[in-house]
Protein chains: 4
Amino acid sequence: MHVTIDQAEKAIAAARRKAVELGTQMCIAVVDSGGVLKAFHRMDDAWVGSIDISMKKARTAVFFGMPTGEIGKLSQPGGPLYGIEHSNDGLITFPGGLPIVDKEGVMIGAIGVSGSAVENDHAVALAGVATLGVGELPAHPWRT
Amino acid sequence: MHVTIDQAEKAIAAARRKAVELGTQMCIAVVDSGGVLKAFHRMDDAWVGSIDISMKKARTAVFFGMPTGEIGKLSQPGGPLYGIEHSNDGLITFPGGLPIVDKEGVMIGAIGVSGSAVENDHAVALAGVATLGVGELPAHPWRT
Amino acid sequence: MHVTIDQAEKAIAAARRKAVELGTQMCIAVVDSGGVLKAFHRMDDAWVGSIDISMKKARTAVFFGMPTGEIGKLSQPGGPLYGIEHSNDGLITFPGGLPIVDKEGVMIGAIGVSGSAVENDHAVALAGVATLGVGELPAHPWRT
Amino acid sequence: MHVTIDQAEKAIAAARRKAVELGTQMCIAVVDSGGVLKAFHRMDDAWVGSIDISMKKARTAVFFGMPTGEIGKLSQPGGPLYGIEHSNDGLITFPGGLPIVDKEGVMIGAIGVSGSAVENDHAVALAGVATLGVGELPAHPWRT
């Protein structure tokens, strides 16, 4: 089950409203449940370097079905997933990427946000997700 | 001078209306005047392989300030630009990519469309460009 | 809707039987409906260069919902899709890749075969597809 | 000396049985003694991000003839191999990759497993290796 373009637009619009409210300029990417890009917006004056980061955050979140920041806790030096960022053409494991889980508990895609402090990135991603469902999965295995 | 996110959204919305009118499912990418992604929409049921093609068409159009199909005429075997597709991490030189040139003759970006026959791709790109200006540049050098 | 691992194994087993019957050594890849690898077998003594080709054939078939050889007819010099191989990190547009379309007309994935003459590659791919459905799609848009 | 496709299938089948026993969904890759992919299975509902990780674990194990977790101990900040993950298009140095060493002490390939906690990944890899030999090499230099 994949996020539709109408859903992706709705999530991005809500994320952009939140970004404006926070006084930030964000790149916002939505991927489907296979990690493939569905929609992307770069707000005016957003960092150019955030384009790729927002996409990688969205992909990372859907690749492992969890918020990117959770993976980052496990990938620190000495942690069980140290170095996981080297896989999949580059993962981003700090906050700002969230799975999109619909009302039936199905992961339909993910959103990735980059352009400010990670707390803001996370808040903007959460505002996008909230229009479609939640950003936390039930226990693995989930359905897609 | 770069296309704004509001302009990009306007162009994509017009392109999508044209795609629906033609009964097609398109990937639509807008890049700024430096060739960097500004916005992207993948319509439901569009070919997954068209994501990259739409982006490469948009980049190709802005890289050389001309419709992608014009470059394709020059890159055939025996032509002066034979093999140019190998540059810039891959160009796409068949129709569907158009520069976006505003009322002042400034190239503010480009649009790339993929998902159907190239005639349809071109028509959808043109519908997007028409909301912001024209798809043909005045003689080089242009301004960006 | 994605091909399951049991379906992928069944298709690969049938493809391998056909490869043995033809006296060939093949690489056989199965991807899901998003183009993501599901299963892969390299028969003993198969060309090492066929690993990537088999995967690219499978991805190409699912990316555009058609047999790879059909795309190759359109991508010849002077054709409407000349140079499309430069997209998506490299497409392979000669025969040997087929969509897998189930009894309900849903494209659940694709199979790609490389290791011999393209006629043999195609025949082996077809043997794999036949265990699960057919290799030709109804008119676009299809369902995945 | 390379792992055969029959051996690879046997190892993957055993690994999958172990994965089911542990209630996990795994990606399982087998490479030959040159690090080139021989066979791959993605179990249903396995993380999409684990495809690449399982392959990189298998390659990492054969590249250096040791369990991936052993390399990870050496690649921590301050360690002698800090940053080795940047080589070879990306290594994965946490547990889940094991060399496959046959009864004669020859490294015939490696297996890489990803999809759960690293302890489970390692256990599933070990179950695969055990069908063909052991996962530890005699002292370097080994024979391939």
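- In the nomenclature of an unreviewed UniProt entry, chain A is known as Heme-binding protein of Methylocystis parvus.

## A word on the overall build of chain A
Here is step 1 of the chain: On a plain count of helices and strands, chain A comes out with four helices and four strands.
Here is step 2 of the chain: Secondary structure elements in chain A, listed N-terminal to C-terminal, are α-β-β-α-α-β-β-α.
Here is step 3 of the chain: Taken over the C-alpha trace, chain A has a radius of gyration of 14 Å; the compact-globule value for 144 residues is 15 Å, and the two agree within 12%.
Here is step 4 of the chain: For chain A, the C-alpha atoms occupy an extent of roughly 40 × 35 × 20 Å along the three principal directions.
Here is step 5 of the chain: Within chain A, the proportion of its 144 residues that are buried is 62%.
Here is step 6 of the chain: In chain A, the proportion of contacts linking residues at least 24 apart, taken out of those at least 6 apart, comes to 68%.
Here is step 7 of the chain: Put simply, chain A shows about 5,400 Å² of open surface, and 57% of that area lies on carbon and sulfur atoms.
Here is step 8 of the chain: Positive and negative side-chain charges of chain A, numbering 12 and 15 respectively, have mean locations separated by a distance of 3 Å.

## Focus: the interface of chain B and chain A
Here is step 1 of the chain: Contact residues are listed per partner, giving 19 residues for chain B and 19 residues for chain A.
Here is step 2 of the chain: Of the roughly 1,600 Å² buried between chain B and chain A on both sides combined, carbon and sulfur atoms contribute 47%.
Here is step 3 of the chain: At the junction of chain B and chain A, the tally comes to eight salt bridges.
Here is step 4 of the chain: Among the ionic pairs, Glu9 of chain A bridges to Arg16 of chain B, the shortest N-O distance being 2.9 Å.
Here is step 5 of the chain: Taken together, the connections running from chain B to chain A amount to 16 residue pairs in polar contact (both at pLDDT 80 or more).
Here is step 6 of the chain: Residue composition of the side of chain B that touches chain A, grouped by class: ten nonpolar, two polar and seven charged.
Here is step 7 of the chain: Relative to strand β2 (residues 37–42) of chain B, strand β2 (residues 37–42) of chain A runs antiparallel, the two sharing three bridges. When the bridges of β2 of chain B are listed, His41 of chain A appears paired with Ala39 of chain B.

## Looking at the sheet that holds β2 of chain B
Here is step 1 of the chain: Taken together, eight strands build an open sheet; the order of strands is β3(A)-β4(A)-β1(A)-β2(A)-β2(B)-β1(B)-β4(B)-β3(B) and the sheet is antiparallel. Each edge of the open sheet is held by one strand with a lone partner, namely β3 (97–101) of chain A together with β3 (97–101) of chain B. On average, each strand axis in the sheet is tilted by 20° relative to the strand beside it, whichever way the strands run.
Here is step 2 of the chain: For strand β1 (residues 27–32) of chain A and β2 of chain A, the ladder comprises five bridges, and the chain directions are antiparallel. Across the sheet, Val31 of chain A pairs through a bridge with Leu37 of chain A, a residue of β2 of chain A.
Here is step 3 of the chain: The strands that helix α1 (residues 5–21) of chain B touches are β2 of chain A together with β1 (27–32), β2 and β4 (107–114) of chain B; relative to β2 of chain B, the one it contacts most, it runs at about 25°.
Here is step 4 of the chain: Packed on one face of the sheet, helix α2 (residues 50–64) of chain B meets β2 of chain A together with β1, β2, β3 and β4 of chain B and runs near 150° to β4 of chain B.

## Description of the pairing of strand β4 (residues 107–114) of chain A
Residues and elements named next belong to chain A.
Here is step 1 of the chain: Among the eight residues of β4, eight are classified as buried, and the element is accordingly described as predominantly covered.
Here is step 2 of the chain: Pairing of β1 with β4, which is carried by six bridges, proceeds in the antiparallel orientation. The residue of β4 that forms the bridge with Cys27 is Ser114.
Here is step 3 of the chain: In the sheet, β3 pairs with β4 via five bridges, with the strands oriented antiparallel. In the strand pairing of β4, Gly97 is matched with Gly112.
Here is step 4 of the chain: Hairpin connection between β3 and β4: a loop of five residues separates the two successive antiparallel strands, and Gly105 in this loop has a positive phi of roughly 85°.

## Examining the sheet that holds strand β4 (residues 107–114) of chain D
Two strands in a sheet stick together by hydrogen bonds in their backbones, pointing the same way (parallel) or opposite ways (antiparallel).
Here is step 1 of the chain: Reading across from one edge, β3(C)-β4(C)-β1(C)-β2(C)-β2(D)-β1(D)-β4(D)-β3(D) is the order of the eight strands in this open sheet, with antiparallel pairing throughout. Here the strands that pair on one side only, and so sit at the sheet edges, are β3 (97–101) of chain C together with β3 (97–101) of chain D. The sheet shows a mean angle of 20° between the axes of neighbouring strands, taken without regard to direction.
Here is step 2 of the chain: Together, β3 and β4 (107–114) of chain C form the strand contacts of helix α4 (residues 118–129) of chain C, whose direction differs from that of β4 of chain C by roughly 150°.
Here is step 3 of the chain: Sitting on the sheet, helix α4 (residues 118–130) of chain D is in contact with β3 and β4 of chain D, with an inclination near 150° to β4 of chain D.

## What to know about the packing of aromatic side chains
Here is step 1 of the chain: Enumeration according to the criterion identifies six aromatic pairs over all chains in this entry.
Here is step 2 of the chain: Geometrically, the ring pair formed by Phe63 of chain B and Phe64 of chain B is edge-to-face, given 6.4 Å between the ring centres and 90° between the ring planes.
Here is step 3 of the chain: Since its relative accessible area comes to 30%, Phe63 of chain B is described here as partly exposed.
Here is step 4 of the chain: Ring pairing ties together the aromatic residues Phe63 and Phe64 of chain A together with Trp47 of chain D, which thus form one cluster.

## As for the side chain of Asp121 of chain C
All names here are of chain C.
Here is step 1 of the chain: Within the secondary structure, Asp121 sits in helix α4.
Here is step 2 of the chain: You can call Asp121 buried: its relative accessible area is 2%.
Here is step 3 of the chain: Engagement of the side chain of Asp121 in a polar contact is seen with the backbone nitrogen of Gly115, the distance being 3.3 Å.
Here is step 4 of the chain: Those residues within four positions of Asp121 in sequence are excluded, and the remaining contacts are Met26, Lys57, Pro95, Gly96, Val113, Ser114, Gly115 and Ser116.

## Section: the relation of the copies chain B and chain A
Here is step 1 of the chain: Its rotation angle being 180°, the transformation that places chain B on chain A also includes 0.1 Å of axial translation and leaves an RMSD of 0.1 Å. On the angle and the small slide along the axis, the relation comes out as a two-fold axis. Minimal C-alpha distance to the rotation axis in chain B is attained by Phe40 of chain B, lying at 2.5 Å.
Here is step 2 of the chain: Take the interface residues of chain B: 100% of them recur as interface residues in chain A, which is what a same-surface contact looks like.

## A short note on the packing of helix α1 (residues 5–21) of chain C against α4 of chain C
All names here are of chain C.
Here is step 1 of the chain: It is the contact of α1 with α4, at a shortest axis distance of 7 Å, that shows an interaxial angle of 140°. Here the hand of the crossing between α1 and α4 comes out right-handed. In contact with Ala11, Ala14, Ala15, Lys18 and Ala19 of α1, α4 contributes Ala123, Val124, Ala127 and Gly128.
Here is step 2 of the chain: Among the residues forming the contact of α1 with α4, the class breakdown is seven nonpolar, one polar and one charged.

## Considering the packing of helix α1 (residues 5–21) of chain A against α1 of chain B
In helix packing, the relevant descriptors are the interaxial angle and the interaxial distance, both defined with respect to the helix axes.
Here is step 1 of the chain: Where α1 of chain A meets α1 of chain B, the axes come as close as 15 Å, and the angle between the chain directions of the two elements is 165°. Looking at the two axes, α1 of chain A sits roughly antiparallel to α1 of chain B. Like other packed secondary-structure pairs, α1 of chain A and α1 of chain B cross with a definite hand, here left-handed. Of the residues in α1 of chain B, those touching α1 of chain A at Ile5, Asp6, Glu9 and Arg16 of chain A are Ile5, Asp6, Glu9 and Arg16 of chain B.
Here is step 2 of the chain: A per-class count over the contact of α1 of chain A with α1 of chain B returns two nonpolar, no polar and six charged.

Quick notes on the rules
- Residues numbered from 1 in each chain as written.
- Chains lettered and ligands numbered in written order.
- Predicted model: local features only at pLDDT ≥ 70, side-chain atom pairs only at ≥ 80, totals over all residues.
- Heavy atoms only, no water.
- Helix = DSSP H or I, 4+ residues; strand = E, 2+ residues; numbered from the N terminus.
- Rg over C-alpha atoms; globule rule 2.2 N^0.38 Å.
- Buried < 20%, exposed > 50% of the residue type's maximum accessible area, 1.4 Å probe, protein only.
- Contact = heavy atoms within 4.5 Å.
- Areas by Shrake-Rupley, 256 points an atom, 1.4 Å probe, with all protein chains shown as cover.
- Lys, Arg positive; Asp, Glu negative; His and termini not counted.
- Charge placed at Lys NZ, Arg CZ, Asp CG, Glu CD.
- Buried area = accessible area lost by both parts, 1.4 Å probe.
- Salt bridge = Lys/Arg side-chain N within 4 Å of Asp/Glu carboxyl O.
- Polar contact = N/O pair within 3.5 Å; in protein donor to acceptor, adjacent residues only side chain to side chain.
- Nonpolar A, V, L, I, M, F, W, Y, C, P; charged D, E, K, R; others polar.
- Pairing = 2+ DSSP bridges.
- Axes fitted to C-alpha atoms, helices over the stretch in contact; angles between N-to-C directions.
- Phe/Tyr/Trp six-rings, centres within 6.5 Å; stacked < 30°, edge-to-face > 60°.
- Least-squares fit on C-alpha atoms with pLDDT ≥ 70 in both.
- Left-handed = near helix turned anticlockwise from the far one by under 90°.
- Parallel < 35°, antiparallel > 145°, perpendicular 65-115°, else oblique.

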